[in-house]
Amino acid sequence: MKTATSSSTASTISGNSASVEELLQSSPELWRGCHPEARDRDGFRGVTTGYPELDAVLPGHGWPRNAMMEIITPYWGMGELQLLLPLMRSVTGQGKWILWISPPYLLYAPALVKAGIDTRQILVMQMETSCRDALWSMEKALQTENCGLVLAWQNWLPHRVIRRLQLAAEGGQTLGVLFHHHESKDSPSALRLSLNACRNSIGKVDYRHSEIQIRKSRGTYNLRTYGQRTVRITLNGGENSAGK
Amino acid sequence: MEKLHNTGQLPLLAPVRRQSPVARLPGCSRTSLPPPQVQPQARRQQALWYALYFPQLHPKPDGLSESQQQALLRELAAVVENVSSLISIHPQALVFEIRSSLKYFGGADLLHRHLKPLLEKKLTDLNLAPTFHYAACPTAVGSLLLAKAGRNLLVYRKDNLRAALGGLPLSLLSDVLITSRKQYRRLSNMGLRQLRDIWRLPTDGLKKRFGSEFVNRLNQSIGKTPEPMARYRPLPAFNACFDLSCAVETLDSLLPVAEELLTRLCDFLKKRDLCSSHLLLVLEHEQQNDTLVNLSLRQATRSRQHIMLLLETRFTRMEIPAPVSAVRLEVMRFDAFVPADDDLLRENHNRGTLSPSLTTFLEQLQARMGDRHIKSIHCIADHCPEYASDQPDCPDPGTLENASRHNIGSSAGKGVGKRAVTTDNKLTVNNPRPFWLLARPQQLAVKKGRLYYRRRITLLRGPERIEARWWSGCDVRRDYYIAVDDCGIRLWIYHEKTAQGAWFLHGLFA
């Protein structure tokens, strides 16, 4: 970053402003702040979440491409899979594989098929897998080029483990998702969000909507524009056929 | 004899000397030639071809198919490897070069005496009659003809070949010299009865009538033109052993040894353009049974790093019962090497084809955790919800690849039983189904007419009546509802249509 800046000054001195622009464009390490183009650059552009409200808030207009992401829910089954459905569809659509590591319940194939996910590209690791093995295989899977998405259900992971997974994901061009119940304050994952049920004014559960709170997202820089960190989205809840 | 040679257009040969070179091999012989005499020094080192003819391997219609015959001949060739390194397989016969091994065995007789019991034993093992004809002469075609005639002759010098071959009847020449029945008929119509009769004819005429191939074979039989032939290649075998100077107690310190063995293996494979998909590493102990490490790979490889990686993963999970005194590496299965295809249109990736990296990953997983831990998933056409999803063990790469290539459908019979597998993404019903299914439905509490599962439950949609399995004894009659609890978790619950009428939680719409 430092070298890029210094060389850009050098070319300004020479008076060739076109080459400066070129230089700025060509170096992916250079962060260009609020520049609108910066957000749309290829390297920074995420994978669309399928929920426009969420896309608007996330840096890169979508899920990060190769990183670790944490989804925190108070209980399993709050709609966390619904949230990832568009992503899963696009991953299997690209011919990549999805690995499910120790899911808390049995994964049900008809639901996946109904949601438009190709079950041929799904591998499930059983829930009785030990934590050590699960983490080992998660790291390996994240480094594997053909794995598009790794989903893991693990509570209480120490920071250095998440950091290691994050590094593996960055190297392997894979998105890893960790599902937790408990938030850890300064975990090194690139994106951390919590999913909760919406409550209406009288405190009753509004089951049609879910509330997503973005706790951390790497690359968010302008809090004035993107200040609103809580989004309400409508999850289908399996009632409409999401595949269509 | 001399007259014969003068009349033919073929070159003259020296007259057969009395005391000799046509020697008789031990065994049956109808000719009364003097006992064998090995010539002390051949003028120049020329090949001596020994032919074995097996009349019991007669071909179809009433005998063996070509592939069966080939297989048997390969087995016999393996025996012949004891005496020769240059072997060629012909229909019903083996031809091999023995000049180079004569000195070692001390002559053709001794060589024959060495080979005969081995061959007889092998033939008995193969359930064949332990008889064979044999002959040796300086040309392969010639020896083949002599063996076929059952002459059991040994001709040392090329000069004497014509005399030995001349008297062979025409009927014997089929397969070796005469390729078609038509050719045979024409030859016999010409009044030719013996090989010698053919030699009397002018070469150009023969060429015109029977083609240059025929004349070429004739010339080959007497050594005028070289005889190219396909060489028998034994199946590859690899077995490397490393004796340790002192017994090793930890597996980690075995890794360098294993690496050394693997380097040798990979060199071996590279030289022969092969790769392997099943290796066996044997750890030998002083006083105990050997520990076997079976490395069966999803995809054949010859990459040392890859096998080493798997071995390391395997070693982390293993314990050895006693110190290791020696390490042996065997290849259980060889595969042809298929180079990775560097597709120009790489972005047009095949859906579902296992890339090497995913295969590597799965292999590592299996090496570490065993086969049972990783599952694939697919739908089954069954109305009963708990039977509609199946998680078979992750299939072999072959079936996975086939499945993706043939757009699945055809994989119905791959061992999931007789139930129809709808992996082609067709559903039996189009009603909402949950992502999570409970392995065993949990009974819900009913308090004051309200349902509870940890929290209060409100029904949203339903019912969906499912009645199935009445034929199997465990009747399923349920009304399914979609419900939501106080935390906003969507549940899939059912009301059993039995006398008790209990409510159960069956799944979660996560």
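Everything quoted here is computed from the prediction, not taken from an experiment.

How each quantity is defined
Residues numbered from 1 in each chain as written. Chains lettered and ligands numbered in written order. Predicted model: local features only at pLDDT ≥ 70, side-chain atom pairs only at ≥ 80, totals over all residues. Heavy atoms only, no water. Phe/Tyr/Trp six-rings, centres within 6.5 Å; stacked < 30°, edge-to-face > 60°. Helix = DSSP H or I, 4+ residues; strand = E, 2+ residues; numbered from the N terminus. Buried < 20%, exposed > 50% of the residue type's maximum accessible area, 1.4 Å probe, protein only. Core = buried A, V, L, I, M, F, W, Y, C linked by side-chain atoms within 4.5 Å. Contact = heavy atoms within 4.5 Å. Buried area = accessible area lost by both parts, 1.4 Å probe. Salt bridge = Lys/Arg side-chain N within 4 Å of Asp/Glu carboxyl O. Polar contact = N/O pair within 3.5 Å; in protein donor to acceptor, adjacent residues only side chain to side chain. Nonpolar A, V, L, I, M, F, W, Y, C, P; charged D, E, K, R; others polar. Pairing = 2+ DSSP bridges. Patch = residues over 30% accessible without salt bridge, like charges linked within 9 Å, V, L, I, M, F, W, Y side chains within 5 Å. Areas by Shrake-Rupley, 256 points an atom, 1.4 Å probe, with all protein chains shown as cover. Lys, Arg positive; Asp, Glu negative; His and termini not counted. Charge placed at Lys NZ, Arg CZ, Asp CG, Glu CD. Right-handed = clockwise from strand over helix to strand, strands pointing away. Axes fitted to C-alpha atoms, helices over the stretch in contact; angles between N-to-C directions. Parallel < 35°, antiparallel > 145°, perpendicular 65-115°, else oblique.

**Student:** Teacher, can you tell me more about the packing of aromatic side chains here?
**Tutor:** Aromatic ring pairs are defined here through the distance separating the ring centres and the angle between the ring planes. Residue and element names in this part refer to chain B. In total, this model carries 18 aromatic pairs over all chains according to the counting rule given. With a centroid separation of 6.4 Å and an interplanar angle of 15 degrees, the aromatic rings of Y50 and Y134 are classed as stacked. Remark: Y134 occurs in strand β5 (residues 133-137) and Y50 occurs in strand β2 (residues 49-53); sequence separation between them is 84 residues. Here Y50 falls in the buried class, since its relative accessible area comes to 0%. Looking at Y134, the relative accessible area reads 4%, which means it is buried. Between F268 and F334 the ring centres are 6.1 Å apart and the planes differ by 45 degrees, which places this aromatic pair in the tilted class. Here F268, found in helix α10 (residues 255-272), pairs with F334, found in strand β10 (residues 324-336); they are 66 residues apart in sequence, far enough to count as distant.

**Student:** I'm lost on the nonpolar core in this one. Help?
**Tutor:** Looking at soluble globular proteins, one finds that nonpolar side chains tend to be buried together. Of all hydrophobic cores here, the largest spans 75 residues; its most connected members are W63(A), L84(A), M88(A), W100(A), L151(A) and I493(B). Sort the elements by how many residues they give to this core and helix α5 (residues 80-93) of chain A lands first, with seven residues. Excluding its chain neighbours within four sequence positions, the residues that come into contact with L151(A) are L84(A), M88(A), I98(A), L99(A), W100(A), I101(A), V177(A) and F179(A). Judged by nonpolar contacts, the second largest core, of 37 residues, contains C137(B), L165(B), L170(B) and W199(B).

**Student:** For this particular structure, what's the right way to read the interface of chain A and chain B?
**Tutor:** One widely used convention gives an interface's size as the accessible area the parts lose upon coming together. In this complex, chain A contributes 60 residues to the contact, which on the side of chain B involves 58 residues. With both chains or domains summed, chain A and chain B bury close to 5400 Å², and 62% of this area falls on carbon and sulfur atoms. Per-residue buried area on chain A facing chain B is highest for Y108(A), R120(A) and W136(A); these three make up 14% of the total on that side. Joining chain A to chain B, the criterion identifies two salt bridges. Across the salt bridge formed by D133(A) and R368(B), the nearest N and O atoms sit 2.9 Å from each other. Summed over the shared surface of chain A and chain B, the result is eight residue pairs in polar contact (both at pLDDT 80 or more). In the side of chain A that touches chain B, the residues fall into 31 nonpolar, 17 polar and twelve charged. As defined by bridge partners, strand β3 (residues 106-107) of chain A adjoins strand β14 (residues 436-443) of chain B across two bridges and the pair is classed as antiparallel. Bridge pairing links L106(A) to L437(B) in β14(B).

**Student:** Looking at this structure, how should I read a positive patch on the surface?
**Tutor:** Residue and element names in this part refer to chain B. Taken together, the side chains of R181, K182, R185, R186 and R209 make up a positively charged region of the molecular surface. For the positive patch, the leading source of residues is helix α7 (residues 181-189), giving four residues. With respect to the helices, strands and loops of the structure, R209 is situated in helix α9 (residues 203-221).

**Student:** How should the pairing of strand β5 (residues 147-153) of chain A be read in this particular structure?
**Tutor:** Note on strand geometry: in a regular strand, side chains alternate between the two faces of the sheet. Residue and element names in this part refer to chain A. Burial of β5 is extensive: seven of the seven residues sit out of reach of the surface. For strand β2 (residues 97-101) and β5, the ladder comprises five bridges, and the chain directions are parallel. Bridge pairing in β5 places I101 opposite A152. As judged from the five bridges shared by β5 and strand β6 (residues 175-180), these two strands associate in the parallel manner. Following the sheet pairing, W153 is matched in β6 by F179. In terms of handedness, the path from β5 via helix α8 (residues 159-172) over to β6 forms a crossover that is right-handed.

**Student:** Which parts of the structure should I look at to understand the sheet that holds strand β7 (residues 239-248) of chain B?
**Tutor:** Backbone hydrogen bonds are what pair the strands of a sheet, in a parallel or an antiparallel way. All names here are of chain B. Across the sheet, four strands lie side by side as β7-β10-β8-β9; this open sheet has antiparallel pairing. With partners counted over all chains shown, the strands left at the sheet margins are β7 and β9 (291-301), one partner each. On average, each strand axis in the sheet is tilted by 15 degrees relative to the strand beside it, whichever way the strands run. Two elements, strand β8 (residues 274-285) and β10, share eleven bridges in a ladder whose sense is antiparallel. Paired with L279 across the strands is V331, a residue of β10.

**Student:** What's the story with the packing of helix α5 (residues 140-148) of chain B against α9(B) in this structure? I'm lost.
**Tutor:** Helix packing for two helices is described by the angle between their axes and how far apart those axes are. Residue and element names in this part refer to chain B. One way to put it is that α5 packs onto α9 with a least axis distance of 6 Å and a crossing angle of 85 degrees. Relative to α9, the element α5 is oriented roughly perpendicular. Contacts from V141, G142 and L145 of α5 reach α9 at R217, Q220 and S221. A class-by-class count of the residues in the contact of α5 with α9 yields two nonpolar, three polar and one charged.

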